[in-house]
Amino acid sequence: MSATPSAPRYLDEIAVGESASLSKTFTDADVRAFAEVSTDTNPVHLDADYAATPQVGARIVHGMLTASLISALLGNHLPGPGTVYLGQSLRFRRPVKLGDTVTASVTVKSVDRDKNRIELDCVCSVGGKPVLQGDALVMAPVRPA
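A quick note: this is a predicted structure, and the numbers were derived from the prediction, not measured. Think of each chain on its own: its residues are numbered from 1, step by step along the sequence as written. The model is predicted, so local features are restricted to residues of pLDDT at least 70 and side-chain atom pairs to those at 80 or more, both for listing and for counting; the totals for chains, interfaces and linings are taken over all residues. Hydrogens are left out, water is left out, and the side-chain values use all remaining heavy atoms of the structure.

Participant: Break down the nonpolar core for me, citing the residues and quoting the values.
Facilitator: Judged by nonpolar contacts, the single largest core of 31 residues is most densely connected at Val106, Ile118 and Leu120. Put simply, DSSP H or I for four residues or longer makes a helix, DSSP E for two residues or longer makes a strand, and each gets a number counted from the N terminus. Looking at this core, the elements that each hand over two or more residues are strand S1 (19-25), helix H1 (28-38), helix H4 (63-76), strand S3 (101-112), strand S4 (117-126) and strand S5 (129-139). The nonpolar core is taken to be a set of buried Ala, Val, Leu, Ile, Met, Phe, Trp, Tyr and Cys residues, with the residues joined through side-chain atoms within 4.5 Å. The cut-offs for exposure are 20% and 50% of the maximum accessible area for each residue type, with area from a 1.4 Å probe on protein chains only; residues under the lower value are buried, those over the upper are exposed, and the others partly exposed.

Participant: Tell me about unusual backbone geometry, residues and numbers included.
Facilitator: Following Leu78, the chain continues into Pro79 via a peptide bond in cis, with omega recorded as 5°. Structurally, the position occupied by Pro79 is in the loop between H4 and strand S2 (84-92). The phi torsion at Thr39 lies on the positive side, around 65°, for a residue other than glycine. With respect to the helices, strands and loops of the structure, Thr39 is situated in the loop between H1 and helix H2 (43-46). For Thr39, a relative accessible area of 62% puts it in the exposed group. Unlike most non-glycine residues, Asn116 shows phi in positive territory, near 55°. Note on placement: Asn116 falls in the loop between S3 and S4.

Participant: Account for H4, naming residues and giving values.
Facilitator: Across its 14 residues, H4 extends 20 Å between first and last C-alpha, which sits within 8% of the 20 Å expected from 1.5 Å per residue. Within the span of H4, buried status applies to Leu65, Thr66, Ala67, Leu69, Ile70, Leu73, Leu74 and Asn76. The elements touched by buried residues of H4 are S1, H1, S2, S3, S4 and S5. Any helix carries an expected span of 1.5 Å times its number of residues minus one. Throughout, a contact is declared for two residues whenever any of their heavy atoms are within 4.5 Å.

Structure (C-alpha coordinates):
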(Lines give C-alpha, C1' and ligand atoms only; values in the text may rest on other atoms or scores of the structure.)
Protein backbone atom coordinates (compact mmCIF):
# COMPACT_ATOMS: atom_id res chain seq x y z
CA MET A 1 0.00 0.00 0.00
CA SER A 2 1.08 3.56 -0.50
CA ALA A 3 1.51 6.30 2.07
CA THR A 4 -1.45 8.08 0.51
CA PRO A 5 -4.55 7.52 2.63
CA SER A 6 -7.27 5.25 1.31
CA ALA A 7 -10.93 6.14 1.61
CA PRO A 8 -12.13 5.61 5.19
CA ARG A 9 -13.40 2.15 6.04
CA TYR A 10 -16.44 2.31 8.28
CA LEU A 11 -16.98 0.03 11.25
CA ASP A 12 -19.86 -1.81 9.53
CA GLU A 13 -17.58 -2.73 6.58
CA ILE A 14 -14.72 -4.31 8.52
CA ALA A 15 -14.51 -8.07 9.08
CA VAL A 16 -12.26 -10.38 11.06
CA GLY A 17 -9.35 -11.59 8.95
CA GLU A 18 -8.97 -8.47 6.81
CA SER A 19 -5.41 -7.24 6.54
CA ALA A 20 -3.27 -4.48 5.12
CA SER A 21 0.46 -4.03 4.77
CA LEU A 22 3.08 -1.56 3.62
CA SER A 23 6.84 -1.55 3.27
CA LYS A 24 9.47 1.11 3.83
CA THR A 25 13.25 1.11 3.62
CA PHE A 26 14.67 3.19 6.46
CA THR A 27 17.48 5.59 5.58
CA ASP A 28 19.93 7.72 7.53
CA ALA A 29 17.74 10.75 6.78
CA ASP A 30 14.67 8.98 8.26
CA VAL A 31 16.54 8.13 11.47
CA ARG A 32 17.99 11.63 11.83
CA ALA A 33 14.58 13.27 11.23
CA PHE A 34 12.95 10.98 13.80
CA ALA A 35 15.73 11.75 16.31
CA GLU A 36 15.13 15.46 15.78
CA VAL A 37 11.35 15.25 16.18
CA SER A 38 11.33 12.75 19.04
CA THR A 39 14.44 14.14 20.80
CA ASP A 40 15.70 10.53 21.07
CA THR A 41 19.36 11.07 20.22
CA ASN A 42 20.64 7.78 21.62
CA PRO A 43 24.00 7.19 19.88
CA VAL A 44 23.02 3.61 18.90
CA HIS A 45 20.81 5.34 16.31
CA LEU A 46 23.12 8.17 15.24
CA ASP A 47 26.79 7.33 15.83
CA ALA A 48 28.29 4.48 13.77
CA ASP A 49 31.41 4.22 15.95
CA TYR A 50 29.41 4.05 19.15
CA ALA A 51 26.98 1.49 17.71
CA ALA A 52 29.81 -0.73 16.42
CA THR A 53 29.99 -2.53 19.78
CA PRO A 54 29.50 -6.31 19.91
CA GLN A 55 26.16 -5.74 21.67
CA VAL A 56 24.69 -3.64 18.83
CA GLY A 57 26.99 -4.12 15.81
CA ALA A 58 25.83 -1.18 13.72
CA ARG A 59 23.47 1.77 13.88
CA ILE A 60 19.87 0.71 14.44
CA VAL A 61 16.56 2.33 13.59
CA HIS A 62 14.53 3.63 16.54
CA GLY A 63 12.00 0.98 17.61
CA MET A 64 9.24 3.56 17.69
CA LEU A 65 10.10 4.67 14.15
CA THR A 66 9.59 1.07 13.06
CA ALA A 67 6.32 0.97 15.04
CA SER A 68 5.15 4.15 13.31
CA LEU A 69 4.46 2.03 10.21
CA ILE A 70 1.65 0.38 12.18
CA SER A 71 0.21 3.81 12.96
CA ALA A 72 0.42 4.66 9.25
CA LEU A 73 -1.49 1.50 8.32
CA LEU A 74 -4.22 2.09 10.90
CA GLY A 75 -4.65 5.79 10.15
CA ASN A 76 -4.33 5.59 6.37
CA HIS A 77 -5.66 2.17 5.31
CA LEU A 78 -7.30 -0.19 7.83
CA PRO A 79 -9.57 1.16 9.14
CA GLY A 80 -8.19 4.37 7.59
CA PRO A 81 -8.81 8.10 7.94
CA GLY A 82 -10.76 8.91 11.09
CA THR A 83 -9.39 5.96 13.10
CA VAL A 84 -8.69 6.72 16.77
CA TYR A 85 -5.93 4.80 18.57
CA LEU A 86 -6.99 3.42 21.96
CA GLY A 87 -4.00 1.22 22.77
CA GLN A 88 -0.98 -0.62 21.45
CA SER A 89 1.27 -3.37 22.77
CA LEU A 90 4.70 -3.81 21.20
CA ARG A 91 7.37 -6.47 21.58
CA PHE A 92 10.65 -5.75 19.83
CA ARG A 93 12.19 -9.00 18.57
CA ARG A 94 15.21 -7.94 16.48
CA PRO A 95 16.98 -4.70 15.63
CA VAL A 96 16.28 -2.92 12.36
CA LYS A 97 19.44 -1.66 10.65
CA LEU A 98 19.77 1.32 8.32
CA GLY A 99 18.85 0.21 4.82
CA ASP A 100 16.54 -2.57 6.00
CA THR A 101 13.16 -2.77 4.30
CA VAL A 102 10.48 -3.25 6.93
CA THR A 103 7.10 -4.69 6.00
CA ALA A 104 4.35 -3.81 8.46
CA SER A 105 1.11 -5.79 8.49
CA VAL A 106 -2.09 -5.49 10.50
CA THR A 107 -4.84 -8.11 10.61
CA VAL A 108 -8.27 -7.67 12.18
CA LYS A 109 -8.72 -10.22 14.96
CA SER A 110 -11.96 -8.95 16.51
CA VAL A 111 -14.69 -6.41 15.83
CA ASP A 112 -17.02 -5.16 18.58
CA ARG A 113 -19.70 -3.19 16.76
CA ASP A 114 -21.56 -2.27 19.98
CA LYS A 115 -18.51 -0.56 21.49
CA ASN A 116 -16.92 0.51 18.18
CA ARG A 117 -13.71 -1.35 18.90
CA ILE A 118 -11.43 -3.23 16.53
CA GLU A 119 -8.51 -5.31 17.75
CA LEU A 120 -5.70 -6.04 15.31
CA ASP A 121 -2.60 -8.22 15.26
CA CYS A 122 0.43 -6.17 14.26
CA VAL A 123 3.73 -7.43 12.84
CA CYS A 124 6.74 -5.70 11.33
CA SER A 125 9.26 -7.93 9.58
CA VAL A 126 12.56 -7.73 7.72
CA GLY A 127 13.29 -10.48 5.23
CA GLY A 128 10.31 -12.47 6.52
CA LYS A 129 11.56 -12.43 10.13
CA PRO A 130 9.52 -10.54 12.74
CA VAL A 131 11.27 -7.53 14.25
CA LEU A 132 8.21 -6.26 16.11
CA GLN A 133 4.96 -7.92 17.16
CA GLY A 134 1.97 -6.63 19.06
CA ASP A 135 -1.71 -5.78 19.17
CA ALA A 136 -3.62 -2.57 18.58
CA LEU A 137 -7.06 -1.45 19.76
CA VAL A 138 -8.77 1.26 17.73
CA MET A 139 -12.10 2.96 17.17
CA ALA A 140 -13.07 2.90 13.51
CA PRO A 141 -14.91 5.67 11.71
CA VAL A 142 -18.68 5.27 11.90
CA ARG A 143 -20.80 5.83 8.82
CA PRO A 144 -22.45 9.29 8.88
CA ALA A 145 -26.17 9.19 9.57
